[in-house]
Amino acid sequence: MGVQGFQDYLEKRCPGAAIPVDLLKLGRTAGRQHHHPGPLPPPARILIDADSGLQRLYGGYQTDWVCGGEWNAMLGYLSALSQACLYQGGLELVVVFNGTLGKERWPEWARRAQGQRQTAQLIVNHVGSKATPPPRAWFLPPACLSHCVRLAMFRFRVRVVQTLEDHHQEVLSLYRDFGFCGLIAQDSEFALCNVPAYFSSHALKLSWNGKNLTTHQYLLSEAARQLGLKTQQLPYFAALLGNHILPDEDLAAFHWSLLGPEHPLASLKVRAHQLVLPPCEVVIKAVSEYVSSIKDLGNLDAVARDVFNQSQSRMEDKVERFKKAVEYFSSASKPRPLSMGPSPHLSCVLPPQGVKPPYRNALCGPGHASLFQNLPPLPDCNDSLSGTMVYMDWSAPYDQGGSRLTNHHTSAPSGPSHSPSSSSDGDEPNDSSHHLTDKSSAWDDPASQGSGGDGSHGNGSGSNIPSLLSMATRSHMDITTPPLPQISAEVLRVAEHRHRRGLMYPEIYHILTKGEMKMAVCIEDDCNSEMPPASLLFRAARQYSYGVLFSLAETHRHLERLAMSNRGPLEVPPVIVKEWSSGKSKSALTPELVPALCFREWTCPNLRRLWLGRASEDRSRRTRAFLACLRSDCPALLNAAQVPQHLLLMCCVLRYMMQWPGGGILQRHELDAFLAQAVSNQLYEPDQLQELKVQHPYYHTITFPWSRHRDVTDDVNADVACNPWLLVGVCTYSHCGDDVINALIEKTND
């Protein structure tokens with residue numbers, strides 16, 4: 001999308017708009033300017049977007065990152081980063097993670113997932129042929145890396161927030177509502193929303209002695225000056241570049257018309273038999289000139305008519321989405337008025353009766369101490385649910401205002417989506433069975449695809465541009481699934497409480513409320529037909545976890561009693577979860593319909609009892625449910641004398657893999673390596689583990705990250721008191737055609 005290219009343009013095409021700064025030095029300078037008597041002011045708060053800064057939070061440019069994670073190095077880096085910010089610079093870090101489903105950005109996610117799969121195949125081929133780590137430019141984070149970083153942040157007492165609905169809007173609301181002094185990210189939307197103090201996460205670098213934290217600060221005012229734009233024109237500029245609301249293909253004809261027939265690139269459009277987009281830097285310059293020439297910014301209808309003046313189809317739809325795009329970026333660019341109170345998306349961050357700190361517009365450049373103003377402390381985002389807290393006393397009751405937490409059993413068919421790329425955006429209408437519906441419209445009609453919808457205007461050629469919607473990458477299906485079972489308000493309250501504070505795997509909340517989950521891309525060999533893909537290998541574990549989340553066993557037992565009393569047939573309504581993933585033989589815009597399963601060996605209690613039960617037997621039930629999901633419901637596994645607790649997870653994963661019904665998926669040398677690295681009694685001696693020799697077609701010495709992984713799972717879980725039982729999805733990490741399981745489970749501690 002055109003918007004996403006603005007970040008690169010800002011760095012490469014705007015000289016003077018990105019300048020080096022030292023955040024710790026700025027913090028020390030601001031601290032020395034405090035001459036007033038009394039206690040020292042609280043540390044200034046810096047917000048970090050983990051979604052765009054994951055590689056730097058991982059610990060930097062590791063040499064051998066493809067093995068699955070240098071966990072000790074990552075922990076050491078995050079520890080040094082948090083201590084340096086607090087003790088060397090007087091800064092308080094708050095890290096926000098992307099916990100949204102993001103259906104309004106589905107086409108963008110699908111394209112990104114397709115590119116990641118191609119990168120994963122390059123990594124596999126490189127390691128298999130050269131037996132060396134791949135280039136750093138191919139960095140592809142492990143599927144569980146975000147959750148490992150999140151748990152590590154808890155360990156080092158760094159505040160964590162997780163978004164829920166719209167990641168970009170919630171990050172900006174958090175930044176403005178709670179008076180943060182700076183935002184560390186790498187996203188064009190943040191740049192176009194006129195963030196006062198915007199720093200680069202990709203350039204973030206901590207010195208070895210921990211006294212310098214350097215990065216680049218983007219001077220958005222300088223970039224706007226070079227483009228000839230004013231602050232109030234930025235929403236129009238962002239809307240006309242192309243975004244998730246108004247995509248590129250709907251603006252392609254407009255972009256070409258701005259270049260004119262005499263432009264050197266105009267011949268590309270005439271010769272092409274499909275949609276060709278001008279280069280991003282050319283579009284940015286042309287759109288900025290057009291926006292700067294608009295005389296009346298308040299007349300959106302006039303601007304829209306001029307932009308789509310020769311559109312041959314969907315004119316009203318494009319105009320409406322243009323207005324929504326302008327409104328979206330305008331609302332993100334303005335500070336929230338004090339009279340409106342805190343953002344409803346982040347209300348649970350504040351205490352129920354708390355007072356919101358005043359908004360502070362900390363616009364400054366290097367050397368300005370106003371970047372780090374004295375702000376009241378942020379309410380703790382990482383509090384656990386233990387103690388004397390009463391659930392009914394929480395703010396934002398879920399049984400009031402039914403529109404806030406919609407479910408399939410109460411939701412109505414949604415209206416047209418903001419994104420035209422997927423008709424499955426939003427909640428689907430309920431039905432007693434799932435089916436596939438091929439929705440066609442005027443702009444999907446083959447007759448209209450020949451003309452491409454938009455005629456070129458302003459360039460004199462009169463040729464039409466075919467629409468990208470006719471390409472395979474844009475195909476999608478609207479899938480209707482049965483209504484989800486009723487979820488109690490108390491369980492939903494607990495789910496959002498933990499989701500907001502990063503105490504829970506983000507997909508669990510979306511499964512409970514929407515019946516959908518999105519799966520990350522793993523590094524696996526698509527050319528290996530003998531190895532099942534990650535999504536298929538661990539599907540059974542997810543199906544059992546769905547059954548636990550929706551209390552399927554209790555529903556079955558209740559229906560069996562009704563059938564016996566009525567002497568009728570047993571009819572159990574199916575519970576279907578949509579799993580969105582990018583695979584070799586399927587489109588990322590077509591979900592897999594996966595039914596929930598219940599255990600055969602025993603009747604699992606309902607979710608409310610599992611999560612909120614405080615009796616001693618409830619802990620045993622939670623543990624048994626966890627083991628049963630991984631097909632490891634064996635009493636011997638709970639014997640600490642036979643299986644130490646810190647080895648339980650890896651033993652369950654190995655047991656699950658060995659029970660794969662399709663045949664053996666682990667070769668002998670892979671099994672030896674797994675046993676040596678995952679369940680060895682030398683886990684506390686990584687130097688000896690990495691010297692173990694295992695016969696392997698590509699490596700003479702295999703170093704797996706299990707000894708390092710133990711540090712994250714054991715130590716962090718000991719720090720975070722999570723009462724409910726949670727089963728997080730199991731992720732895989734594959735290379736050289738060999739599957740290495742990299743699983744991360746968040747398990748409760750009473």
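These numbers come from a predicted model, not from an experiment. (Residues numbered from 1 in each chain as written. Predicted model: local features only at pLDDT ≥ 70, side-chain atom pairs only at ≥ 80, totals over all residues. Heavy atoms only, no water.)

Examining the overall build of the protein
- On a plain count of helices and strands, the protein comes out with 27 helices and 17 strands.
- Burial status across the protein gives 55% buried among its 750 residues.
- When the accessible surface of the protein is summed, it comes to about 32,000 Å², and 52% of that surface belongs to carbon and sulfur atoms. (Helix = DSSP H or I, 4+ residues; strand = E, 2+ residues; numbered from the N terminus. Buried < 20%, exposed > 50% of the residue type's maximum accessible area, 1.4 Å probe, protein only. Areas by Shrake-Rupley, 256 points an atom, 1.4 Å probe, with all protein chains shown as cover.)

Observations concerning the environment of M657
- Structurally, the position occupied by M657 is in helix α24 (residues 648-658).
- The exposure class of M657 is buried, given its relative accessible area of 1%.
- C-alpha of M657 to C-alpha of L630: the two residues are 27 residues apart in sequence and 9.2 Å apart in space.

What to know about the packing of helix α23 (residues 616-629) against α24
- Where α23 contacts α24, the two axes come as close as 9 Å, and the packing angle between them is 35°. Contacts from F626, L627 and C629 of α23 reach α24 at L648, L649, C652 and Y656.
- The residue makeup of the contact of α23 with α24, split by class, is 7 nonpolar, no polar and no charged. (Axes fitted to C-alpha atoms, helices over the stretch in contact; angles between N-to-C directions. Contact = heavy atoms within 4.5 Å. Nonpolar A, V, L, I, M, F, W, Y, C, P; charged D, E, K, R; others polar.)

Re the side chain of S330
- Residue placement: S330 occurs in helix α15 (residues 315-333).
- Its relative accessible area of 19% is what places S330 among the buried residues.

Brief notes about the sheet that holds strand β14 (residues 576-580)
- Spatially, β13-β14-β15 is the arrangement adopted by the 3 strands of the open sheet, whose pairing is mixed. Two strands in the sheet have a free side with no partner beyond their single neighbour: β13 (516-518) and β15 (592-595). Each strand axis lies, on average, 30° off the axis of its neighbour in the sheet, ignoring direction.
- Taken together, the 3 bridges between β13 and β14 define a ladder with parallel strand orientation. Its bridge partner being in β14, K518 is matched across the sheet by W580.
- Each of β13 and β14 touches helix α18 (residues 506-514); the most contacted strand, β13, lies at about 150° to it. (Pairing = 2+ DSSP bridges.)

Re helix α13 (residues 280-292)
- An ideal rise of 1.5 Å per residue puts 18 Å on 13 residues; α13 measures up with 18 Å between its terminal C-alpha atoms.
- Among all positions in α13, only V282, V283, I284, A286, V287, S288, Y290 and V291 are buried.
- Buried residues along α13 sit in contact with α1 (6-12), α9 (220-227), α10 (234-241), α11 (248-259) and α14 (300-307). (Expected span 1.5 Å × (residues − 1).)

As for the pattern of salt bridges
- Enumeration over the complete set of coordinates arrives at 20 salt bridges.
- For the salt bridge of R159 with E92, the shortest nitrogen-to-oxygen distance reads 2.1 Å. Of this pair, R159 sits in strand β4 (residues 159-162) while E92 sits in strand β3 (residues 91-97), placing them 67 residues apart in sequence.
- Relative accessible area serves as the criterion here: at 14%, E92 is assigned to the buried category.
- One continuous salt-bridge network, built from bridges that share partners, spans R105, E108, R112 and E189. (Salt bridge = Lys/Arg side-chain N within 4 Å of Asp/Glu carboxyl O.)

Concerning the packing of aromatic side chains
- Per the stated rule, a full pass over the model turns up 10 aromatic pairs.
- With a centroid separation of 5.0 Å and 85° between ring planes, the pair formed by W106 and W580 is classed as edge-to-face. Here W106, found in helix α5 (residues 106-130), pairs with W580, found in strand β14; they are 474 residues apart in sequence, far enough to count as distant.
- Judged by its relative accessible area of 0%, W106 is buried.
- Exposure remark for W580: the relative accessible area of 0% places this residue in the buried category.
- Between the aromatic rings of Y328 and F329, the centroid separation amounts to 5.3 Å while the plane-to-plane angle is 85°, which identifies the pairing as edge-to-face. An identical accessibility class is assigned to Y328 and F329; each is buried.
- Cluster of aromatic residues (ring-pair linked, three or more members): W106, W109 and W580.
- Between the NZ or CZ atom of K103 and the centre of the ring of W106, over which it lies, the distance is 5.9 Å. (Phe/Tyr/Trp six-rings, centres within 6.5 Å; stacked < 30°, edge-to-face > 60°. Lys NZ or Arg CZ within 6 Å of the ring centre and 35° of its normal.)

Quick notes on the nonpolar core
- In this structure, M74, F237 and F322 are the most contacted members of the largest nonpolar core, which totals 109 residues.
- Take this core: its biggest share by element is 8 residues, from helix α4 (residues 71-88).
- In contact with F237, not counting residues within four places along its chain, are F6, L192, L227, L229, I284, V287, S288 and V291.
- Core analysis: the next-biggest nonpolar cluster, separate from the first, contains 36 residues, L164, V494, L549 and V594 among them. (Core = buried A, V, L, I, M, F, W, Y, C linked by side-chain atoms within 4.5 Å.)

Regarding the packing of α4 against helix α6 (residues 145-155)
- With their axes 10 Å apart at the nearest point, α4 and α6 run at an angle of 45° to one another. On the basis of their axis angle, the class for α4 and α6 is oblique. The chirality of how α4 crosses α6 is right-handed. Across the interface between the two elements, W71, M74, L75 and L78 of α4 pack against L145, C148, V149, A152, M153 and R155 of α6. (Parallel < 35°, antiparallel > 145°, perpendicular 65-115°, else oblique. Left-handed = near helix turned anticlockwise from the far one by under 90°.)

Some words on the pairing of β14
- Of all the 5 residues making up β14, 5 are buried; the element is thus mostly covered by neighbouring parts of the structure.
- Residues I576, K578 and W580 line one face of β14 and the alternating positions V577 and E579 line the opposite face, and both faces are buried.
- As judged from the 4 bridges shared by β14 and β15, these two strands associate in the antiparallel manner. Paired with I576 across the two strands is P595, which belongs to β15.

Section: the state of the cysteines
- What the rule picks out here adds up to 0 disulfides.
- For C598, which is in no disulfide, the shortest distance to another cysteine sulfur is to C604 and amounts to 9.5 Å.
- C598 sits in the partly exposed class, given a relative accessible area of 23%.
- C629 takes part in no disulfide bond, and the closest cysteine sulfur, belonging to C604, lies 7.5 Å away.
- For C629, a relative accessible area of 0% corresponds to the buried category. (Disulfide = S-S within 2.5 Å.)

Structural notes on the environment of L220
- Here L220 lies in helix α9.
- Between the C-alpha atoms of L220 and A197, which are 23 residues apart in sequence, the distance is 9.0 Å.
- Not counting chain neighbours up to four residues away, the residues in contact with L220 comprise L10, A191, N194, V195 and Y198.

Description of unusual backbone geometry
- A positive phi angle is found at A131, which is not glycine, with a value near 55°.
- Relative accessible area serves as the criterion here: at 31%, A131 is assigned to the partly exposed category.
- Of note in the backbone geometry, R157 takes a positive phi value of approximately 60° without being a glycine.
- Checked against the element boundaries, R157 lands in the loop between α6 and β4.

Regarding α4
- Compared with the 26 Å implied by 1.5 Å per residue over 18 residues, the 25 Å span of α4 between its first and last C-alpha is a close match.
- Residues of α4 that are buried: W71, M74, L75, Y77, L78, S79, L81, S82, A84 and C85.
- G90 sits one or two residues past α4 and shows a positive phi near 65°.

Side note on the confidence of the model for the protein
- The share of residues in the protein with pLDDT of 70 or more is 68%, and the mean pLDDT across the chain is 74.
- Note on residues 343-476: pLDDT under 50 across the span, and 310 contacts to partners over four residues away in sequence or across chains.
- Considering only residues more than four positions removed or in separate chains, one finds that residues 696-750, a stretch of pLDDT under 50, has 219 contacts. (pLDDT = per-residue confidence, 0-100.)

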